[in-house]
Amino acid sequence: AEALRRARPGSPVAAAVNALALRARGRANAAARELPAFAAGAAVDPRLALVRGLVLAESGRAAEARAALARVSEPLLPEERVLLATARALAGAP
């Protein structure tokens, strides 16, 4: 993921993939540092909004997480539904 991020520094998808990889390694603060790189993409892409909401929720930024999660829409893959449920629970979202 870090190699992809370096190869495509302006790509919001590469930043989101790197954020997920950092999150998976227990590095929530490092994942949160990736948020600005895909903020604009998260406004239009529901999957990027999901990653943004998840990272924000795990970073204790519940209000921002709820706003991002509100932009998530179907269809979602089963794995994405699990991430969405996790993010909503952490953010206190319905």
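Residues numbered from 1 in each chain as written. Predicted model: local features only at pLDDT ≥ 70, side-chain atom pairs only at ≥ 80, totals over all residues. Heavy atoms only, no water.

Undergrad: Summarise the nonpolar core; cite the residues concerned and give the values.
TA: A general feature of soluble globular proteins is that nonpolar side chains tend to end up buried together. In terms of nonpolar packing, the biggest core is built from 26 residues, with Phe38, Val55, Leu69 and Val72 touching the most fellow members. Looking at this core, the elements that each hand over two or more residues are α2 (12–24), α3 (28–33), α5 (46–58), α6 (62–69) and α7 (78–91). In terms of residue count, the dominant contributor to this core is α5 (8 residues). (Core = buried A, V, L, I, M, F, W, Y, C linked by side-chain atoms within 4.5 Å. Buried < 20%, exposed > 50% of the residue type's maximum accessible area, 1.4 Å probe, protein only. Helix = DSSP H or I, 4+ residues; strand = E, 2+ residues; numbered from the N terminus.)

Undergrad: How would you explain the pattern of salt bridges if you had to name every residue and give the values?
TA: What the rule picks out here adds up to 4 salt bridges. Glu58 is the partner of Arg23 in a salt bridge, and the nearest nitrogen-oxygen pair spans 2.9 Å. Pair noted here: Arg23 is in helix α2 and Glu58 is in helix α5, with a separation of 35 residues, a long-range link. With relative accessibility at 24%, the residue Arg23 sits in the partly exposed group. Glu74 is paired through a salt bridge with Arg81; the nearest N and O atoms lie 3.3 Å apart. The exposure class of Arg81 is partly exposed, given its relative accessible area of 41%. (Salt bridge = Lys/Arg side-chain N within 4 Å of Asp/Glu carboxyl O.)

Undergrad: Tell me about the environment of Ala31, and name the residues and values.
TA: Its place among the elements puts Ala31 in helix α3. With 61 residues separating them along the chain, Ala31 and Gly92 place their C-alpha atoms 20 Å apart.

Undergrad: Give a description of the environment of Leu54 that names residues and reports values.
TA: As for its position among the elements, Leu54 is in helix α5. Residue Leu54 is classed as buried on the basis of its relative accessible area, which comes to 0%. Separated by 15 residues in the primary sequence, Leu54 and Leu69 place their C-alpha atoms 8.0 Å from one another. Not counting the four nearest positions on each side in its chain, Leu54 is found in contact with Leu20, Arg23, Leu69, Leu83, Thr86 and Ala87. (Contact = heavy atoms within 4.5 Å.)

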